[in-house]
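Each chain, letter by letter, is given below.
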Amino acid sequence: MTARIGIVTFPGSLDDADAARAVRIAGGEPIALWHGDDDLRGVDAVVLPGGFSYGDYLRCGAIARFAPVMTSVVERAHSGMPVLGICNGFQILCESHLLPGALTRNDHLHFICRDQRLRIENNSSDWTRNFDAHSEIVIPLKNGEGGYVADEATLDQLEGDGRVIARYLDVNPNGSRREIAGICNERGNVVGLMPHPEHAVEELTGPSTDGLGFFTSVLSSLLEGAAR
Amino acid sequence: MIDTVEHAEQTPDHEQPYADLGLKEDEYQRIRDILGRRPTSSELAMYSVMWSEHCSYKSSKVHLRQFGEKKPETDALLVGIGENAGVVDIGDGWAVTFKVESHNHPSYVEPYQGAATGVGGIVRDILSMGARPLAVMDPLRFGPADAEDTRRVLPGVVAGVGGYGNCLGLPNIGGEVVFDESYAGNPLVNALCVGSMRHEDIHLASAKGVGNLVVLYGARTGGDGIGGVSVLASETFDDEGPAKRPSVQVGDPFMEKLLIEATLEVLQAGLVEGIQDLGGAGISCATSELASNGEGGMHVWLDRVLLRDPTLSPEEILMSESQERMCAIVRPEKIEAFMDYCRKWDVEAVVIGEVNDSGRLTIDWHGERIVDAPPRTVAHEGPVYERPYHRPEWQDALQADSPARLPRPTREQFETTLLELVASPNLASKSWVTDQYDRYVLGNTVLAQPEDSGMIRVDEETGRGVAIATDCNGRFAKLDPYTGAQLALAESYRNVCATGAVPLAVTNCLNFGSPEDPEVMWQFAEAVRGLADACLELGIPVTGGNVSFYNQTGDTAILPTPVVGVLGVIDDVDRRTPMAWGPDGELIYLLGDTRDEFAGSEWAHLRGHLGGLPPKVDLQRERILGEILVAASRDGMITAAHDISDGGFAQAIVEMALRSGVGARLWLPDGIDPFVQLFAESAGRAVVVIPRSEELRFTEMCAARGVPAHRVGVVDSALGPDVGEDTETQVLQFGEYFTVTLDRLREVHAATLPALFQ
């Protein structure tokens, strides 16, 4: 069985083809999903890719959460389907209340594109289980509104529950609280990540192939789920 | 009251503001002769924008013909000059189209929007050829880095290029950032886009097929950019500059992204007979060019155009330069399918006209005829000027003022000189700029800044790809415009070869002062002649480009700046040559001849000197050097390569070392002044890095082709202890002259731009 991984295209999605490529290289079958269609086409997991959905004109991700496809994604996420939101996808997950907190404008006010070193803080989620504990990886980061914020109590709870997935090393590129680069929900099936693993899946085009781990992880999770 | 054709016939003596619209008296008279009456106000609006310098190339046309007349024999050219962009065959059934354009004047007035819409405009040019846009690049030039106005203009331009390109989802893979006094008040914002398509998907801008429908789709038409073309791009700035602010267009990259996806889908579905983007001169340009290139006639119901501002007059609608609009010619039986795709992408579309063979472009406004003109006279038969030109009287004195009179550093001062160069705004790291651009999106970027050329994978199956570089040293062009243009071509040609790609075609953006100044016109004529001659000699045709005149403040023109972009093909991007060298023991070779050439160099520039004759250009040598670089890449003989240009050999070495993070031992050849060796800017040179096992094969190849190859160093990561540092410290050792740590070099190289603009 090849896992079917859905990739949602919203108007203004930019990294959807990249996410599909990453799924393919990892060994999954990418399935294109359309924002205006609530049919998830029988996928086993969903990626919300990076970009500027609806131009990000109101607030990043604020309009996308109302897309018909998101009704189905939210429903399935609650019943355990793995969902990965990258960059704009992370923003959409926060707007959809699948993840706590919000992403705000970078503290230095500039868009930033750089090869970012991260530490994987949680290697038990559906999207990080193939990483070694505390692995350090380098994947591209590119955002204008990537500063992760939440109230202190929420941050403490995320830390306490081990729900911080990845943390920035060397520099905090966007002013994220506690250097948080990614978080997951309590169940570990929904992950939001500001940097871009889908841009680090080939030596030729990425700074590393470290990003592949996120996509092979979900395939492992799905395989284990199917075996159970 | 609407000025109809009928009304114009009845009121021949009505005074018209043609001068305010940028038309000369004889041009206005010619319009009257063509029409056999006075033009209506709508016709006057159309002719004035289409006959502006920006749209009609009236001052440059007679010179630009040389690009066609001296075109080298090549099978690669599928579509030549004259279309929205030239198209080149890159093999395996793939074609690529690329072009560079200027958006200089708007970017001075309103840096963010000017730069943003510059990117948007060139992307639509590429799209209108039927190609999927793949990447953008932006050659930029500003006044002195520490000037107050540069602090206003540069951050806005960079944010605009990034804001638009990032949101559009196109990787930015290169460009230039250059500072010079002459660009104060006249920044140059050039934007390049490259796209790819299958051969059979090439589309042209022509309205073919009587009865076919003219569809306007994309953003609604608003009041932005009205008169932008004629007023902004064709008049020199004076003290009233800022008052023209509202004329600059405002961009919406999200709409452009939807427009790209919708357009590619309707093209793929075979629903389009002809297509044209709307840029300068908006609907006036699109309708007249489409009609002129097709059956020769078109009728337009102008009141059908969807408006953002319902109070716009027909003249304003015709001139509006609202962004993110396209015009397609669609068969009536396919119009519903076309509209379905537009609805899918939430793109508004409306049929505004119909193709006919009347030989006239007729436009109605609520049932009244407001335009009735032969479209060719609007689009293609504008005025052509043989502007007078002559060699400036100061040219001889300039060339006689050689940099030989400048005091040169002693050998004890070489290190300081290098650090000064490495930290100078023109040679410092441009990361502060390029880190604001997404270089990863689409996942096909193989090389991006600061590599010698940007490289994009076109075919994921085979690895076939393209490389592009843009270059120009305007100081060389000022010293000798003919040679300067050739040096610009030689440098970008060399940059493409350095990454392992074979040069195929050329685009250019010719940025100059006022064509009404005979001395500027001479610079332009010489640069075009030099470029055309050099393209012929190197065997690569010019496929398109852009001219930007009137880049001057008062009587002072910018440095003549013929920006040249070269596109090359590489059969497998996996074998590209990067600029970072590999592990310890690899050998560093300098290829080419180094001469005592400092005129127009960065070293002289830092001493406030510009004079003498630019470096000698030897195009046959450039061609052979290029062949060596490509062959070495193909046969796996080199691990790294880097062109030598601004700052000379020492700067090239520093850039390679910083990119790789590994030090090296260098020795300077005997028999040449070490200062010349380190800092001269002779053309036709490159640094290559060779594994020891390939040394003999490589040097024999160079010897057989007559290219001097000097072994000048070896990669060495263990030099730290030699200079009293720890073993981790990476060091560049320049013979017996000086040693410097990479940390120190990186610090001064990286600090300059953030300190100025952060």
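Up top is the structure.
Residues numbered from 1 in each chain as written. Chains lettered and ligands numbered in written order. Predicted model: local features only at pLDDT ≥ 70, side-chain atom pairs only at ≥ 80, totals over all residues.

K.L.:
When you look at the overall build of chain B in this model, what are you seeing that I'm missing?
P.N.:
The helix and strand tally for chain B stands at 26 helices and 28 strands. Here the C-alpha coordinates of chain B stretch approximately 90 × 55 × 45 Å along the principal axes. The burial tally for chain B puts 63% of its 758 residues in the buried class. Partitioning the intrachain contacts of chain B with sequence separation of at least 6 by distance along the chain shows that 84% fall at a separation of at least 24. (Helix = DSSP H or I, 4+ residues; strand = E, 2+ residues; numbered from the N terminus. Buried ≥ 20, exposed ≤ 12 C-beta atoms within 10 Å, placed from the backbone. Contact = placed C-beta atoms within 7 Å.)

K.L.:
Help me understand helix α19 (residues 481-498) of chain B, please; the structure alone is not making it clear to me.
P.N.:
All names here are of chain B. With 18 residues, α19 extends 25 Å from end C-alpha to end C-alpha; this agrees with the ideal 26 Å at 1.5 Å per step. Across the 18 residues that make up α19, a large majority, 18, are buried. Downstream of α19 by one or two residues, G500 has phi in the positive range, about 100°. (Expected span 1.5 Å × (residues − 1).)

K.L.:
I keep staring at the packing of helix α3 (residues 41-50) of chain B against helix α11 (residues 282-293) of chain B and nothing clicks. Help me out?
P.N.:
The relative placement of two packed helices comes down to the angle between their axes together with the axis-to-axis distance. All names here are of chain B. Running from amino to carboxyl end, α3 crosses α11 at an angle of 85°, the nearest separation of the two axes being 9 Å. The angle between α3 and α11 falls in the class roughly perpendicular. For the pair formed by α3 and α11, the contact residues are A45, M46, V49 and M50 on the first element and S284, C285 and S288 on the second. Looking at the contact of α3 with α11 residue by residue, the class counts come to five nonpolar, two polar and no charged. (Axes fitted to C-alpha atoms, helices over the stretch in contact; angles between N-to-C directions. Parallel < 35°, antiparallel > 145°, perpendicular 65-115°, else oblique. Nonpolar A, V, L, I, M, F, W, Y, C, P; charged D, E, K, R; others polar.)

K.L.:
In this structure, what is going on with the sheet that holds strand β12 (residues 361-365) of chain B? I would like to understand it.
P.N.:
Within a sheet, adjacent strands bond to each other through the backbone by hydrogen bonds, running parallel or antiparallel. All names here are of chain B. Spatial ordering of the open sheet is given by β8-β10-β7-β11-β9-β12-β13, a layout of seven strands whose pairing is mixed. Edge positions in the sheet fall to β8 (274-277) and β13 (368-373), since each has one partner strand and no second. Mean inter-strand twist for the sheet, computed between neighbouring axes without regard to direction, equals 20°. Summarising the sheet, strand β9 (residues 297-301) and β12 pair through four bridges and their orientation is parallel. Paired with W301 across the bridge in β12 is D364. Those strands touched by α11 are β8, β9, β10 (325-330), β11 (349-356) and β12, and its axis lies near 150° from that of β9. (Pairing = 2+ DSSP bridges.)

K.L.:
How should the interface of chain B and chain A be read in this particular structure?
P.N.:
Reports often express the size of an interface as the amount of accessible area lost when the parts come together. With 23 residues of chain B at the interface, the matching set in chain A holds 21 residues. Looking at the side of chain B that touches chain A, the elements with two or more residues in it are α8 (148-168), α10 (253-268) and β14 (445-447) of chain B. Here the residues of the side of chain B that touches chain A are counted per class, giving 10 nonpolar, seven polar and six charged.

K.L.:
Can you walk me through the pairing of β12 of chain B in this structure?
P.N.:
A regular strand places its side chains on the two faces of the sheet in alternate fashion. Residues and elements named next belong to chain B. Summarising burial for β12: five of the five residues are buried, a large majority. Neither face of β12 is open: one carries L361, I363 and W365, the other T362 and D364, and all of them are buried. In this structure, β12 lies alongside β13, joined through five bridges in antiparallel fashion. The partner of T362 across the bridge, within β13, is D372. In sequence, β12 turns back onto β13 through a hairpin of two residues, with H366 there showing a positive phi of about 50°.

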